[in-house]
Amino acid sequence: MSLGKHELPLNPWADRRICDRVVAVYELVKKIHMYTGLLTFSALIVFGIAGVQATLPAPSRRDRPEAKIEHVDFEAPGNLADKQLADRVYETLKPPLARPLETWALRHDGQGNLVLPFHTVNGLRKVTVLEKENRLLVATERLSLVQTLNHLHATVPRWAAPDLRIRLWAYYMEMAIWALIGMSLSGVYLWLAVRPGSRWGQVCFGAGSAAFLVLYWLAR
Amino acid sequence: MRNTHLAFGLSCWLFLLMYGVSSLQMSHGGWFPKTETVTETSVTIDMEEAPTPRSLARQLRQDHGLRGNLQRIRQNRKRIALRIVRPGTLHDVTYRIGSDHASVRTNRGGFIEMINRIHHLAGLGHEYELLNVWGFFVGFVSVALFGLGATGVYLWFKHYNERVIGLVLLGFSLAYGLTLIVLVRVA
């Protein structure tokens, strides 16, 4: 791949070696920009879907599907603290994609039963420990695919559940975050290096940058 | 096609950069020290009739220049507490009913807090119009991402000598991404 004659970012009086170096840097940045975009294509589409989903009005609560209810036999040892009991329930149910609950997430219902909300990218699995009945009440509220993608776009290694699928996705998100930063900057460089005089580019760059800066200033 | 890619990219580059940097902050919080400042002031309130949270907020906006969405209203017989918020600034207001003063605790975020809050801003149903303008741009940038992806793939495909390595990278992206989405979804 080489630059066309009309695209050469050359200065007529510049030293030939410097010009060669400029062209080499341009070609390298262009390759990195292109390869990065292709490698993170799926993630960028997920980012776009998440943005559109966040822009559209959220579905009302009554439009959500009913929670699926099931009961699971479970004998709660009488000598465990709430957190230990929550960990025991987690070990028993092994709710897919969920992480063990922190102490602050534990709740009690009106009857004093321990309530454990396991949030995942697929929705909420709320487990109520019915100690007197020796069983667990499991209510599963499943999100739509688009809502799942919205949660996935925010899944980074720092917050990811221990599940391998989630961790692998989180690493991909981490890569996509760096790619987004890199492509934003390299995109501007590629424009400035080859077509800084393009009226089309100047208008878009000026309008987009001005819109962001004005909104940022007003929102402060 | 090249102009379209350029137009989408250059009109959104600062928004995309902001999303990237704020995501990095959320992913690696320790790398970015907090720079927010908190101040407390007392403002004069002149209520002729029995105040409600909305009438209190209206007066704070008109007379004291507080701007933003009205949130977190708490009220009992003795006092009203509310929050007026925009991305860079949170005002927590406490007013003792019958008093002629309200205390305002203002949290002003620095750059990193600001872009974090902007990142979480979306939707077009805000009371404060400025946030709806931000919401419009969130939608625009999201659609632009689809445009950037589609035109980017087209431009790559036109580079005949980059097709093999590009196919490998795009194939990896689709196989890895879609496989994990399916695996997560069926879990």
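*Asks:* With reference to specific residues and values, describe the overall build of chain B.
*Replies:* Broken down by element type, chain B carries 5 helices and 5 strands. Ordering the α and β elements of chain B from the N terminus gives α-β-α-β-β-β-β-α-α-α. A compact globule built from 187 residues would reach a C-alpha radius of gyration of about 16 Å, whereas chain B, at 24 Å, exceeds it by more than 25%. Seen along its three principal axes, the alpha-carbon backbone of chain B occupies a region of about 75 × 40 × 35 Å. Counting only residues that meet the buried cut, chain B has 32% of its 187 residues in that class. For chain B, contacts bridging at least 24 residues in sequence account for 56% of all contacts bridging at least 6.

*Asks:* So what about unusual backbone geometry? Which residues, and what values?
*Replies:* Even without being a glycine, Leu97(A) presents a positive backbone phi close to 70 degrees. Tracing the backbone shows Leu97(A) in the loop between helix H3 (82-93) and strand E2 (107-108). Positive phi is not limited to glycine here, since Arg72(B) has a value of about 45 degrees.

*Asks:* A description of the sheet that holds strand E4 (residues 89-96) of chain B should follow, citing residues and the corresponding values.
*Replies:* All names here are of chain B. As summarised here, the arrangement of the 5 strands in space is E1-E5-E4-E3-E2, forming an open sheet in which the pairing is antiparallel. Every other strand in the sheet has two partners, leaving strand E1 (37-44) and strand E2 (69-75) as the edge strands with one partner each. The mean angle between the axes of side-by-side strands here comes to 20 degrees, regardless of whether they run parallel or antiparallel. Pairing geometry for E2 and strand E3 (residues 79-86), over 5 bridges, is antiparallel. For Gln75, the partnering residue across the bridge sits in E3 and is Ile80.

*Asks:* I'd like to hear about the packing of helix H5 (residues 164-194) of chain A against helix H5 (residues 163-185) of chain B, residue by residue, with values.
*Replies:* It is the contact of H5(A) with H5(B), at a shortest axis distance of 10 Å, that shows an interaxial angle of 145 degrees. Here H5(A) and H5(B) pass one another in a crossing that is left-handed. Contacts between H5(A) and H5(B) involve Arg165(A), Ile166(A), Leu168(A), Trp169(A) and Tyr172(A) from the first element and Tyr176(B), Gly177(B), Leu180(B), Leu183(B) and Val184(B) from the second. Considering only residue class, the contact of H5(A) with H5(B) consists of 8 nonpolar, 1 polar and 1 charged.

*Asks:* Tell me about the interface of chain A and chain B, and please be specific about residues and values.
*Replies:* Tallying the contact residues gives 55 residues for chain A and 61 residues for chain B. Elements represented by at least two residues in the side of chain A that touches chain B include exactly helix H1 (16-39), helix H2 (41-55), helix H4 (145-153), H5 and helix H6 (199-219) of chain A. In terms of residue count, H5(A) provides more of the side of chain A that touches chain B than any other element does, 13 residues in total. Residues of the side of chain A that touches chain B, tallied by class, amount to 38 nonpolar, 13 polar and 4 charged.

*Asks:* Summarise the pairing of strand E1 (residues 68-73) of chain A; cite the residues concerned and give the values.
*Replies:* Residues and elements named next belong to chain A. With 0 of its 6 residues buried, E1 lies for the most part at the surface. Across 6 bridges, E1 lies against strand E5 (residues 135-142) in antiparallel orientation. Considered in E5, the bridge of Asp73 is made with Arg135.

*Asks:* Explain the sheet that holds E5(A) to me, using residue names and the numbers behind them.
*Replies:* Sheet strands line up and pair through hydrogen bonds in the backbone, either parallel or antiparallel. All names here are of chain A. Reading across from one edge, E1-E5-E4-E3-E2 is the order of the 5 strands in this open sheet, with antiparallel pairing throughout. Of all the strands in the sheet, the pair left with one neighbour each is E1 and E2. Summarising the sheet, strand E4 (residues 123-130) and E5 pair through 8 bridges and their orientation is antiparallel. Along E5, the bridge assignment pairs Leu130 with Arg135. Here H3 sits on the sheet in contact with E1, strand E3 (114-120), E4 and E5, set at roughly 50 degrees to E3.

*Asks:* Give me the environment of Ile49(A): which residues, what numbers.
*Replies:* On the secondary structure map, Ile49(A) appears in helix H2. Owing to 19 C-beta atoms within 10 Å, Ile49(A) belongs among the partly exposed residues under this scheme.

*Asks:* Explain H2(A) to me, and be specific about the residues and the numbers.
*Replies:* Along its 15 residues, H2(A) runs 21 Å from first to last C-alpha, staying within 8% of the 21 Å computed at 1.5 Å per residue. Of the residues making up H2(A), those classed as buried are Phe41(A), Ser42(A), Ala43(A), Leu44(A), Val46(A), Phe47(A), Gly48(A), Ala50(A) and Gly51(A). Those residues of H2(A) that are buried are in contact with H1, H4 and H5 of chain A together with helix H4 (129-157) and H5 of chain B.

*Asks:* Describe the nonpolar core, and please don't skip the residues or the numbers.
*Replies:* Judged by nonpolar contacts, the single largest core of 70 residues is most densely connected at Val89(A), Ala176(A), Phe15(B), Leu16(B) and Val141(B). Here the element with the most residues in this core is helix H1 (residues 2-27) of chain B; it accounts for 12 residues. Counting residues in hydrophobic clusters, the runner-up holds 13 residues, among them Ile80(B), Val85(B), Leu90(B) and Val93(B).

*Asks:* I'd like to hear about the confidence of the model for chain A, residue by residue, with values.
*Replies:* Summary statistics for chain A give a mean pLDDT of 87 and a share of 92% for residues scoring 70 or more. In this model residues 1-6 of chain A is a low-confidence stretch, pLDDT under 50, and it forms 7 contacts with partners more than four residues away in sequence or in other chains.

*Asks:* Describe in detail the packing of H2(A) against H4(B), supporting the description with residues and values.
*Replies:* Contact pair H2(A) / H4(B): the axes reach a minimum separation of 8 Å and the direction vectors enclose 155 degrees. When the axis of H2(A) is compared with that of H4(B), the two are roughly antiparallel. The interaxial crossing formed by H2(A) with H4(B) has left-handed handedness. The residues of H4(B) that touch H2(A), namely those facing Phe41(A), Leu44(A), Ile45(A), Phe47(A), Gly48(A), Gly51(A), Val52(A), Ala54(A) and Thr55(A), are Gly135(B), Val138(B), Gly139(B), Val141(B), Ser142(B), Val143(B), Leu145(B), Phe146(B) and Gly149(B). Of the residues assigned to the contact of H2(A) with H4(B), the class counts are 11 nonpolar, 7 polar and no charged.

What counts and what doesn't
Residues numbered from 1 in each chain as written. Chains lettered and ligands numbered in written order. Predicted model: local features only at pLDDT ≥ 70, side-chain atom pairs only at ≥ 80, totals over all residues. Helix = DSSP H or I, 4+ residues; strand = E, 2+ residues; numbered from the N terminus. Rg over C-alpha atoms; globule rule 2.2 N^0.38 Å. Buried ≥ 20, exposed ≤ 12 C-beta atoms within 10 Å, placed from the backbone. Contact = placed C-beta atoms within 7 Å. Pairing = 2+ DSSP bridges. Axes fitted to C-alpha atoms, helices over the stretch in contact; angles between N-to-C directions. Left-handed = near helix turned anticlockwise from the far one by under 90°. Nonpolar A, V, L, I, M, F, W, Y, C, P; charged D, E, K, R; others polar. Expected span 1.5 Å × (residues − 1). Core = buried A, V, L, I, M, F, W, Y, C linked by C-beta atoms within 7 Å. pLDDT = per-residue confidence, 0-100. Parallel < 35°, antiparallel > 145°, perpendicular 65-115°, else oblique.

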